[in-house]
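Next come the chains, spelled out residue by residue.
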Amino acid sequence: RRNTTHALISQVYKSCCLYSELGRHDLAKVALSRMRSLVDSFKSSEFRDDFPNTLPLILHLEDAKIMTCQNNFDTAITHCKMIVNHLKNYVTGAIDQDNRQLLAKSLLLGGIWMTHQNVDSAKVILSSFFQKAAELALDIHNKTPSDSSPAQASAACFKLGEFAANLYSSLDARTTSDTWKRRNIAVAERRRELEVCSGEVKKLEKKARRSSDNMDAFNELWIHRETLKREVTMDERETRSVETSIKSYLFMAMKSYCSALKLSTPTTTDVSKHVFRLVSLWFKNCDKQETKAIVNEEIDLNSSTIPSYRFVPLIYQLFSRIDSPVDDDENSFQRILRRLVLKICAEHPYHGIVQLIALSNGKRVGSGVSGRHATAYLDNVGDAKVEAAKCVLQDLRKHGPDYVVALMGSYECLMDAYIDLALYSTTKIQDKQTEGISFSKCKLDLDVCMSGGRRGNRNTSITNMPVIITQPPPVRPDAKYGDGKEDPLGAERVVGFNSTFDLTPSGIHRPKIVKCHGSKGTIFKQLVKGEDDLRQDAIMQQVFGTVNDLLRQEDSNGNDFTRKSMGVSMFASSSRRLKLITYGI
């Protein structure tokens, strides 16, 4: 009977929490009322000693959640503060796990609601609520871990990181604004005026000693100098305060985001925005003299323990930053970035290898790309980036898993064949034939590149076949993709191509249409286009992927959406392939 009692109350409590999260305050209020009735009835029985002492506080917190659903944030904040004040002495004392978790939850919710209502200063909310909630949640997880502690600790750290990042962005925007620049000009003018005034005071002081007639002028100038001193001191204090706060908020944001990502589970929702923010802070400060040590050290310290699949959606942004190291410092931005790129490619080869090889092909510009378009691309993809990408590929061959090394050879063969097709000029045949054009007659080997090529110079085998490039497998948190021996879940590997290709009826460069055969019998229609810059297409692929993830989450809530995607891959600077396919080289 005791187990039945606890199970019944627990179920009603979970229902109340669920209704509050869904914004159904009417149902949450009914569930909370039923829970109170159950608790009152059982308290008069022999089970009254089984209920925790903090049960009234738990009910108060649920009341507060319901109030926020009704936009009664002021009363909800008051409830949270009451709970925090009641439990604040337990932070350093020997208390049970339930009390500590309740305190951490109350601090977190109180901070969120106070931020929503702007009822207190940002510094107070940061130090008294978010920071304490994160520290307590991490301490609970480290000392007494449970099934729920990672999720609670990561949620608290994400909120702390987000709040600190917003404060950093606010101060950073302030220090880069025209108003701050004008203020600095005025500060410099005051400082120069103080130097001139100090010199004049010394001159008048000598004259005042010899004659009392100069005393009035001396006193007036001395007062002006002291006023300038106070103003300059205040300016310097404000400057130091802003600079210190910027570094403090940046460090707190980076550290909190990294801690949260290490603890978050694959089922944790809405993590991508935090990864984007973390990488954005890193890239923005990686070369700044004042802050580069903060961001680079945090990424270097945590990148080995943060699951690499979290960074896969940002492959384009990460790989585009690859360049030659400017020094031999192992903790420099480029060294840290290379280690992260290698980790991504080694653990998620079907997502990373294509982009890395594409970057190494950056100088392959077709004859149709000329003028400012070719110049602009080659300026962005310079020799240093291409050579750096090749160095990363060499490191991957040396230190990567065997099947990944084998996959690299297969992908290079396939991508070279795609590039040859993309850059092939059809001006001589497009007026005569647009369908059923033979690869062999055009001296192209896309159709046989996976079986050794027409000259037998390809090195591929059934154990290292690449997947359909325009339809890579879903990112797996466990990084298990079949080790090259079997199809990754949710994807097919390339078996071959039709022996002929078609031309589109229109287009400046007349893109080619090919049909790719998957290992499960599916035929993928692909559009191969050369002499074009696909960077904007690649960004749109990320947008579509993010939208698909959002729609997938809606599907899990019972909504039915039909999704279609576009796959874009760049193989070199001027060729691509779309899905139909948009595919990029």
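From a predicted model like this one, the values you see are computed outputs, not experimental measurements. Each chain has its residues counted from 1, following the order in which its sequence is written. Confidence filtering applies because this is a predicted model: local features only for residues at pLDDT of at least 70, side-chain atom pairs given and counted only at 80 or more, and all residues used for totals across whole chains, interfaces and linings. Values reported for side chains reflect all heavy atoms of the structure, with hydrogen atoms and water molecules removed beforehand.

A. Seen up close, the overall build of the protein. Along the backbone of the protein there are 18 helices and eight strands. For every residue, the accessible area obtained with a 1.4 Å probe (protein chains only) is divided by the maximum for its type, and the residue is called buried under 20%, exposed over 50%, and partly exposed between those limits. Relative to its full complement of 585 residues, the protein shows a buried share of 46%. What makes two residues a contact is simply this: any of their non-hydrogen atoms within 4.5 Å. Of the contacts formed within the protein by residues at least 6 apart in sequence, a portion of 68% connects residues at least 24 apart. In these tables, accessible area is a Shrake-Rupley quantity obtained with a 1.4 Å probe, and a residue counts as shielded only by the protein chains included in the view. In the form shown here, the protein has an accessible surface area of approximately 30100 Å², with 51% of it arising from carbon and sulfur atoms. Only runs of H or I of at least four residues qualify as helices and only runs of E of at least two qualify as strands under DSSP, and these elements are numbered from the N terminus.

B. View of the pattern of salt bridges. A pair is scored as a salt bridge if a Lys or Arg side-chain nitrogen falls within 4 Å of a carboxyl oxygen belonging to Asp or Glu. Scanning the model with the defined rule gives 18 salt bridges in all. Two residues, Asp-139 and Lys-143, come together in a salt bridge whose shortest N-O distance is 3.3 Å. With Asp-139 and Lys-143 both in helix α6 (residues 122–143) and four residues apart, this pair spans about one turn of that helix. Taking the shortest distance from any N to any O, the salt bridge between Glu-226 and Arg-225 comes out at 3.1 Å. You'll find Glu-226 and Arg-225 in the same group, each marked buried. Each of the salt bridges in this network shares a partner with another, and the network as a whole consists of Arg-100, Asp-139 and Lys-143.

C. Structural context of the packing of aromatic side chains. Working definition: rings of Phe, Tyr and Trp (its six-membered ring) pair if their centres are within 6.5 Å, and the pair is stacked with planes under 30 degrees apart, edge-to-face with planes over 60 apart, and tilted otherwise. This model, assessed by the stated rule, comprises seven aromatic pairs. Relative to Phe-163, the ring of Phe-130 lies with its centre 5.0 Å away and its plane at 45 degrees, an arrangement referred to as tilted. Here Phe-163 lies in helix α7 (residues 149–175) and Phe-130 lies in helix α6, a separation of 33 residues in the sequence. In this structure Phe-163 comes out as buried when scored by relative accessible area, which is 11%. Their ring planes at 65 degrees and their centres at 5.1 Å tell us that Trp-282 and Phe-333 sit as a pair that is edge-to-face. Note that Trp-282 is positioned in helix α10 (residues 272–285) and Phe-333 in helix α13 (residues 333–347), a separation of 51 residues in sequence. The buried category is assigned to Phe-333, whose relative accessible area is 8%. These aromatic residues form a ring-pair network of at least three members: Trp-282, Phe-283 and Phe-333. One residue, Arg-183, lies across the ring of Trp-180, its end atom 4.4 Å from the ring centre. One cation-aromatic arrangement involves Arg-321 over Phe-283; the distance from NZ or CZ to the ring centre is 4.3 Å. We count a charge as sitting over a ring when the NZ of a lysine or the CZ of an arginine lies within 6 Å of the ring centre and within 35 degrees of the ring normal.

D. Region of the structure containing a nonpolar patch on the surface. Patch rule: a residue counts if its relative accessible area is over 30% and it has no salt bridge; like charges are joined within 9 Å, and nonpolar side chains (Val, Leu, Ile, Met, Phe, Trp, Tyr) within 5 Å. A cluster of nonpolar residues, Ile-539, Met-540, Val-543, Phe-544 and Val-547, forms a patch on the protein surface that exposes about 360 Å² of accessible area. The class for Met-540 is partly exposed, based on a relative accessible area of 38%.

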